[in-house]
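One letter stands for each residue in the lines below.
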Amino acid sequence: MNAVEPSPAADWLEHAVFYEIYPQSFRDSNGDGIGDLHGIIEKLPYLHSLGVTGLWINPCFESPFRDAGYDISDFYRVAPRYGTNEDLRTLFAEARKLGIRVMLDLVAGHTSDQHPWFRESQRHERNRYTDWYIWTDSVWTWSAPNQQVVVGAAERDANYIPNFFYFQPALNYGYAQPDPKAPWQQAVDAPGPRAVREELKKIMRFWFDLGASGFRVDMAGSLVKNDPDGRATAALWHDFRTWMHREYPDRAMVSEWSQPQVAIPAGFHMDFLLPFSKPGYKSLFRPTAPGATAYFDPSGLGDIRQFLDEFEPLYAATKGQGFIAIPTGNHDTVPRLGDGKDPRELAVVYAFLLTMPGVPFIYYGDEIGMRSVAGLPSKEGGFGRTGARMPMQWDASPDAGFSTAPAGRLYLPIDSAADRPTVAAQEMDPHSTLNTVRTLIALRQAHPALQASGAFAEVVARSGEALFVYERASRGERIMVAVNPAARPCEARLPATVEFSEARQLAGEAGAFQCDAQGWTVQLPAVSYAVVEIE
Ligand code: NOJ
Ligand code: CA
């Protein structure tokens, strides 16, 4: 059961730890109540001190902001509320000085209904943009199998297919299997879809040339319609990756797809595990159904197999080709990681997240266990997601150090809980979540075995038992990790097939790994972890 070493992978991703910034809520530098690019620049030393080496910034482009910026009206211009293209260039450059690379969000599948391309596309007269979006052949064709249709919204005698909300018309990448009875469904190589693909490349080139290190790709698996196995969409991304490899070989893409076995062979450097259709990712930190228990729950009633039985085949299918990214959360996910968890519980979670293979992503605020807020009215199309998008809590001042605007003018209110976590308080406490995260990131960066392509093998992982033990290995270095999220001690004997004669403590509980005449055992107190180097 010893871990096998996979082939080495792309250089800077190997030791990367990413941090997602929802720019609205991170840091407002000019007191208008909304976060901005200068606010991010101001906080680069903090991010550097945390040890992160990559940022993903949610869409920061011109937009009516009816879906928080995922409704773009100009792909080539930073939204004035965040700053200018020059500010973004400065952010790229300043971040790079600290060894931090910045990824933007590529909303490839749709635009805002206010985008000039779409306005042209809505017109009766044929023009350059007529086929850039997906239109039915008549306004009376007002339904289509498995697709939403927005009816009667144009001068043009046709209806359009939106991608998400009704004001996000789908760009036309064509249909993998156009329905012969619906001739408005175009093939992927029709002139409209070809022009859209070229434009997407132009957008990517524009930001690469300004200094972007890559993109997180929104709804990456949904570009080509009626593509049930994702093959036509994968082929499209394969072309993009081939082009990037030629012209921008040091840039990277991470997909919002949650099907690494498709996305990574297609060309994505990384794919997120997300709480979509399958329960594996969700089962780690969030109940998969009412009454269910997450694995990282102190009751110890969760089941690590729910995650592993899904993860391991995906890991095996993508090893050596790209990385699975396990995020702490994101701007779409409630509850937040910190909801209902104390610093000890969070330390066990981070011991896991920061020692798993692939590339970790930390959602802003999760490094201090920031909590979501319930019951808020929807902000910018956030609906149930709004509570996970609150202003970052920097300090104890009334605006939490997020802004200097009067409370009523903030993008979203500050969490009013008296015990809301803050960066300032946690900086002072060596056992805070913030300092634990810092220590574990440093540990990951000091040990190749813990990094992206270090091999992974489970050692003890049984349904009905809280203890989970696994091995990581790279270039002769071997590290064993044990986590116990349960509020009771646990113990297990390691299988005799795992051979080593010494265990040197790197982090967490000392003396957790013990050897006797029968071999090795692991003993962990309630809610604890241990990381050891073995030889
Ligand atoms: C996924 C994004 O993460 C989400 O915030 C957005 O609303 C949809 N895609 C539509 O772009
Ligand atoms: Ca501002």
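(A) Representation of the overall build of the chain. Helix and strand counts for the chain come out as 13 helices and 18 strands. For the chain, whose C-alpha radius of gyration is 24 Å, the value lies close to the compact-globule estimate of 24 Å for 535 residues. Each of the three principal axes of the chain carries a C-alpha extent, and together these read 85 × 55 × 45 Å. Of all 535 residues assigned to the chain, the portion counted as buried reaches 61%. Across the chain, contacts joining residues at least 24 apart in sequence account for 67% of those joining residues at least 6 apart. Entry remark: accessible area of the chain is about 20200 Å², with carbon and sulfur atoms responsible for 53%. The averaged location of the 65 negative side-chain charges in the chain is 3 Å from the averaged location of its 49 positive side-chain charges.

(B) Inspection of the site of ligand 1 at higher detail. Ligand 1 sits among Asp67, Tyr70, His110, Phe164, Arg216, Asp218, Met219, Glu256, His331, Asp332, Arg385 and Arg389. Here an oxygen atom of ligand 1 and a side-chain polar atom of histidine 331 are 2.7 Å apart. Broken down by class, the residue content of the shell around ligand 1 amounts to three nonpolar, two polar and seven charged.

(C) A look at the packing of aromatic side chains. Under the definition given, this model contains 51 aromatic pairs. Ring centres of phenylalanine 26 and tryptophan 394 lie 5.1 Å apart, and the angle between their planes is 75 degrees; this geometry places the pair in the edge-to-face category. With phenylalanine 26 in the loop between β1 (18–21) and α2 (37–42) and tryptophan 394 in the loop between β10 (361–363) and α12 (423–427), this residue pair connects regions lying 368 residues apart in the sequence. Judged by relative accessible area, phenylalanine 26 falls into the buried class, the value being 0%. Plain terms: the ring middles of phenylalanine 311 and phenylalanine 456 are 5.8 Å apart, the flat faces sit at 90 degrees to each other, and that makes the pair edge-to-face. Here phenylalanine 311 is found in helix α10 (residues 304–318), whereas its partner phenylalanine 456 is found in strand β11 (residues 455–461), with 145 residues between them in sequence. The residues phenylalanine 311 and phenylalanine 456 share a single accessibility class, namely buried. Each member of the aromatic cluster is reached from another via a ring pair, and the members are Tyr281, Phe285, Tyr295, Phe296, Phe307, Phe311, Tyr315, Phe352, Phe456, Phe468 and Tyr470. Note that lysine 43 overlies the ring of tryptophan 394, its terminal NZ or CZ placed 4.0 Å from the centroid. The ring of phenylalanine 65 carries arginine 81 above its face, with NZ or CZ at 3.4 Å from the centroid.

(D) Summary view of the environment of proline 391. Residue position: proline 391 is located in the loop between β10 and α12. By relative accessible area, which is 0% here, proline 391 ends up buried. In this structure the C-alpha to C-alpha distance between proline 391 and leucine 47, which are 344 residues apart in sequence, comes to 16 Å. Proline 391 has contacts with Ser25, Met370, Phe402, Leu412, Pro413 and Ile414, leaving out every residue within four places of it along the chain.

(E) Structural detail: the nonpolar core. Counting 145 residues, the largest nonpolar core has Tyr19, Trp237 and Phe352 as the members making the most contacts within it. Among the elements that make up this core, the one with the highest residue count is helix α11 (residues 343–353) (eight residues). Val460, Cys490, Trp520 and Leu524 belong to the second-largest nonpolar core, a separate cluster that totals 19 residues.

(F) Examining helix α13 (residues 433–446) more closely. The terminal C-alpha atoms of α13 lie 20 Å apart, and with 14 residues this matches the ideal 20 Å at 1.5 Å per residue to within 8%. Of all the 14 residues making up α13, 10 are buried; the element is thus mostly covered by neighbouring parts of the structure. Residues Thr433, Leu434, Asn435, Thr436, Val437, Arg438, Leu440, Ile441, Leu443 and Arg444 constitute the buried set of α13. In this fold, the buried residues of α13 make contact with α3 (44–50), α11, β10, α12, β15 (503–508) and β18 (528–534).

(G) Geometry of the side chain of arginine 305. With respect to the helices and strands, arginine 305 occurs in helix α10. Given a relative accessible area of 17%, arginine 305 falls into the buried group. Polar contacts involving the side chain of arginine 305 include one to the side chain of glutamate 312, which spans 3.5 Å. Setting aside chain neighbours within four positions, we find arginine 305 in contact with Glu312, Glu458, Ala461, Arg462 and Ser463.

(H) Structural view of the packing of helix α4 (residues 85–97) against helix α6 (residues 191–210). Following both chains from N to C, one finds α4 and α6 inclined at 60 degrees, their axes separated by 9 Å at the closest point. Here α4 is positioned oblique relative to α6, judged by the angle of their axes. Contacts between α4 and α6 involve Asn85, Leu88, Arg89 and Phe92 from the first element and Phe206, Trp207 and Leu210 from the second. A breakdown of the residues in the contact of α4 with α6 according to their chemical character gives five nonpolar, one polar and one charged.

Procedures and definitions
Residues numbered from 1 in each chain as written. Chains lettered and ligands numbered in written order. Predicted model: local features only at pLDDT ≥ 70, side-chain atom pairs only at ≥ 80, totals over all residues. Heavy atoms only, no water. Helix = DSSP H or I, 4+ residues; strand = E, 2+ residues; numbered from the N terminus. Rg over C-alpha atoms; globule rule 2.2 N^0.38 Å. Buried < 20%, exposed > 50% of the residue type's maximum accessible area, 1.4 Å probe, protein only. Contact = heavy atoms within 4.5 Å. Areas by Shrake-Rupley, 256 points an atom, 1.4 Å probe, with all protein chains shown as cover. Lys, Arg positive; Asp, Glu negative; His and termini not counted. Charge placed at Lys NZ, Arg CZ, Asp CG, Glu CD. Near = heavy atom within 4 Å. Polar contact = N/O pair within 3.5 Å; in protein donor to acceptor, adjacent residues only side chain to side chain. Nonpolar A, V, L, I, M, F, W, Y, C, P; charged D, E, K, R; others polar. Phe/Tyr/Trp six-rings, centres within 6.5 Å; stacked < 30°, edge-to-face > 60°. Lys NZ or Arg CZ within 6 Å of the ring centre and 35° of its normal. Core = buried A, V, L, I, M, F, W, Y, C linked by side-chain atoms within 4.5 Å. Expected span 1.5 Å × (residues − 1). Axes fitted to C-alpha atoms, helices over the stretch in contact; angles between N-to-C directions. Parallel < 35°, antiparallel > 145°, perpendicular 65-115°, else oblique.

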